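What follows is the residue order along each chain.
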Amino acid sequence: VVFGGTRYAQKIGYLEKWSSIAPGKLLKKRSIERCFRDRVSRYDFLAPGTQLKLEFATGAERRFRLRIYNRNAKGFILFATDCILNPLFKKLMSVAQCRTPADLWRRMITAFRDNIFDNKPCLFFEKDLRTIQPVKARLPGLTFHVATVDEISEAATDPEYLFSRREVQEIPELARQGDVCIVGKVGRKIVYYHWIQFRNRKLSERRILNLGGKKPLIFRCRTLAKYRGKGIYPAALCHAYGYLESRGFRKCYLDVSARNAPSIRGIQKQGARLVGRFHILSVFGMKRAVVPRGLVERVGVAPYWLS
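> Any chance you could break down the sheet that holds strand β3 (residues 42-44) for me, citing the residues and the numbers?
In spatial order, the strands read β1-β2-β3; together these three strands make up an open sheet with mixed pairing. Here the strands that pair on one side only, and so sit at the sheet edges, are β1 (2-3) and β3. Where strand β2 (residues 6-8) lies against β3, three bridges are found, and the strand directions are parallel. If you follow Arg7 over to β3, its bridge partner there is Tyr43.

This is how it looks when you write it as structure tokens:
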């Protein structure tokens, strides 16, 4: 289907017995080749952003789906069906495929937290950049540097998938507002990354911490599972502190889940001090950050919290 100079992807289906020859990838390739032949300037893979699509794509756009429900019984039933029952049903279907009792219990807890209720306690740390303790990871060949947008997008196609689909969609927006992604690489493989934000830290849909460009915050730190336990996280924080200190900052902040004990240990190894706590409540899939006023006053962020 071609409209306005853009060819839109069509739904692909094939017999399962032919999956070994990757018919979906072959059909995508032929469709793109046809765009060149027909002189179509753009090919839209449509949502969602699967790994196969990211292998071909040269960019991504954020699209929003707006649903409006009437404030009556019918509207409430439609809202409950779309936002609560359908996601919960999908989770329960995955629970039915569990093979061990431990796996079954873990997925049931995840389904409850994702779709019914969850209280996620978070910790807020402050680090003085004038006292940086050098730390080296126990991994030969590990290097850290500021990643480009293209480098992150390419890493998203890795089968181990360190970056989530949602993060890949947010990359253009984060880069546009001046945020920085620092990656750790062994050879050509990205094994670790974290983001540094200088403007706004979005905690939930209606709570945004305005950093004002003077309070850099390190967040969303992740290491590939098979590379954990090698001291990569403290070494990455040491590199980030040096990077921020070279840019003239004297302090930085970190937020981390209170359930993430390894990350907390890695932060404390570098001498960061705990300055406060906040909670992210999730009720039927709707998130809201509960932040004490005293935390914002101690950190010195102004203006307060934007709603």
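> Outline unusual backbone geometry, supporting the account with residue identities and numerical values.
Unusually for a residue other than glycine, Ala22 sits at a positive phi of about 55°. Tracing the sequence through the fold places Ala22 in the loop between β2 and α1 (23-38). Judged by its relative accessible area of 30%, Ala22 falls in the partly exposed class.

> An account of the pattern of salt bridges is needed here, citing residue identities and associated values.
Under the definition given, this model contains nine salt bridges. With a closest N to O distance of 3.0 Å, Asp38 and Arg7 form a salt bridge. Separated by 31 residues along the polypeptide, Asp38 in helix α1 and Arg7 in strand β2 bring together distant segments of the chain. Residue classification places Asp38 among the partly exposed residues on the basis of a relative accessible area of 38%.

> Run through α1, naming residues and quoting values.
With 16 residues, α1 ought to run about 22 Å at 1.5 Å a step, and its terminal C-alpha atoms sit 22 Å apart, in line with that. Buried residues of α1: Pro23, Gly24, Lys28, Ile32 and Cys35, and no others.

> Outline the packing of helix α7 (residues 232-246) against helix α8 (residues 261-269), listing residues and values.
Contact geometry of α7 with α8 gives a least axis separation of 9 Å together with a crossing angle of 45°. Considering the angle they form, α7 stands oblique to α8. Once α7 is placed against α8, the crossing between them reads as right-handed. Counted together, Tyr233, Pro234 and Leu237 of α7 and Ser263, Gly266, Ile267 and Lys269 of α8 form the full contact between these two elements. A per-class count over the contact of α7 with α8 returns four nonpolar, two polar and one charged.

Rules and cut-offs
- Residues numbered from 1 in each chain as written.
- Predicted model: local features only at pLDDT ≥ 70, side-chain atom pairs only at ≥ 80, totals over all residues.
- Heavy atoms only, no water.
- Pairing = 2+ DSSP bridges.
- Helix = DSSP H or I, 4+ residues; strand = E, 2+ residues; numbered from the N terminus.
- Buried < 20%, exposed > 50% of the residue type's maximum accessible area, 1.4 Å probe, protein only.
- Salt bridge = Lys/Arg side-chain N within 4 Å of Asp/Glu carboxyl O.
- Expected span 1.5 Å × (residues − 1).
- Axes fitted to C-alpha atoms, helices over the stretch in contact; angles between N-to-C directions.
- Parallel < 35°, antiparallel > 145°, perpendicular 65-115°, else oblique.
- Left-handed = near helix turned anticlockwise from the far one by under 90°.
- Contact = heavy atoms within 4.5 Å.
- Nonpolar A, V, L, I, M, F, W, Y, C, P; charged D, E, K, R; others polar.

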